[in-house]
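Each chain, letter by letter, is given below.
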Amino acid sequence: QVQLVESGGGSVQAGGSLRLSCTASGPIFSSYHMGWFRQAPGKEREFVAAITRYGSTTYQDSVKGRFTISRDNAKNTVHLQMNSLKPEDTAVYYCAATSAASILSDSSWYKNWGQGTQVTVSS
C-alpha cells in the first residue's frame, strides 16, 4: 500500500498562509484519491479537503475559498495551500489515500495515513 509523509506545517499568525505537502511512495499514486483531514486536541478527526484521481475537488464548508488542494502525479505529491488561516484551523493535519471511496469526506474510506504535521494559528 502507499506510504505517505506530510510536511510544511508550522506556526503562523491569523491571516497567514501555509502550504502543506504530502509525498507518496509505493503503488501507483495516480490511482488514488487523496484527502486532508485534521484533528485538534479533544476533538474528533474531521475532513478538510479531498481530490480524486481525476482531479476533482471537495472541501469542508469552513475552508472553502481559503484552502486549495492540488496534486502533481508526476511527483507523487498532493498539496494543501492554506490561506487566511484562523485560530480554529489549529490542528494536526493528516494526509490520507484511498483506492476507492464513495464519500471522500468520510475518513473510514481511507486506509493509508501519513504521520501528521502540526499547524498552529495564533490570534
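Residues numbered from 1 in each chain as written. Predicted model: local features only at pLDDT ≥ 70, side-chain atom pairs only at ≥ 80, totals over all residues. Heavy atoms only, no water.

A.B. asks: Could you give an account of the side chain of Thr52, naming the residues involved and the relevant values?
C.D. replies: Residue position: Thr52 is located in the loop between strand 5 (46-51) and strand 6 (57-59). On the basis of relative accessible area, Thr52 is assigned to the buried category, the value being 9%. In this structure the side chain of Thr52 is engaged in a polar contact, spanning 2.9 Å, whose partner is the side chain of Ser56. Apart from residues lying up to four places away in sequence, Thr52 is in contact with Tyr32, His33, Arg71 and Leu104. (Helix = DSSP H or I, 4+ residues; strand = E, 2+ residues; numbered from the N terminus. Buried < 20%, exposed > 50% of the residue type's maximum accessible area, 1.4 Å probe, protein only. Polar contact = N/O pair within 3.5 Å; in protein donor to acceptor, adjacent residues only side chain to side chain. Contact = heavy atoms within 4.5 Å.)

A.B. asks: Describe the nonpolar core, listing the residues and the values that go with them.
C.D. replies: Ranked by size, the top nonpolar core spans 29 residues in total, and within it Met34, Trp36, Val78, Leu80, Met82 and Tyr93 carry the most contacts. Of all the secondary-structure elements, those providing two or more residues to this core are strand 3 (18-25), strand 4 (33-39), strand 5, strand 7 (67-72), strand 8 (77-82), strand 9 (91-98) and strand 11 (117-122). Discounting chain neighbours no more than four positions away, the residues touching Met82 are Gly16, Ser17, Leu18, Leu20, Arg66, Phe67, Tyr93 and Val119. Grouped together as the second largest cluster of nonpolar side chains are six residues, Phe37, Phe47, Ala96 and Leu104 included. (Core = buried A, V, L, I, M, F, W, Y, C linked by side-chain atoms within 4.5 Å.)

A.B. asks: Outline the state of the cysteines, supporting the account with residue identities and numerical values.
C.D. replies: Evaluation of the coordinates by the stated rule reveals one disulfide. Sulfur-sulfur distance for the disulfide between Cys22 and Cys95 comes to 2.1 Å. On the S-S bond that ties Cys22 to Cys95, the torsion sits near -80°, and the link is left-handed. Here the residue Cys22 occupies a position in strand 3, and Cys95 occupies one in strand 9, the gap between them amounting to 73 residues. The residues Cys22 and Cys95 share a single accessibility class, namely buried. (Disulfide = S-S within 2.5 Å.)

A.B. asks: How would you summarise unusual backbone geometry if you had to cite specific residues and measurements?
C.D. replies: Most of the time, phi is negative for any residue but glycine, and the peptide bond is trans. In this model, Asn76 sits at a positive phi of 50°, which is unusual for a non-glycine residue. One can find Asn76 in the loop between strand 7 and strand 8. For Ser84, which is not glycine, the phi dihedral falls at a positive 50°. By secondary structure assignment, the location of Ser84 is in the loop between strand 8 and strand 9. The partly exposed category is assigned to Ser84, whose relative accessible area is 41%.

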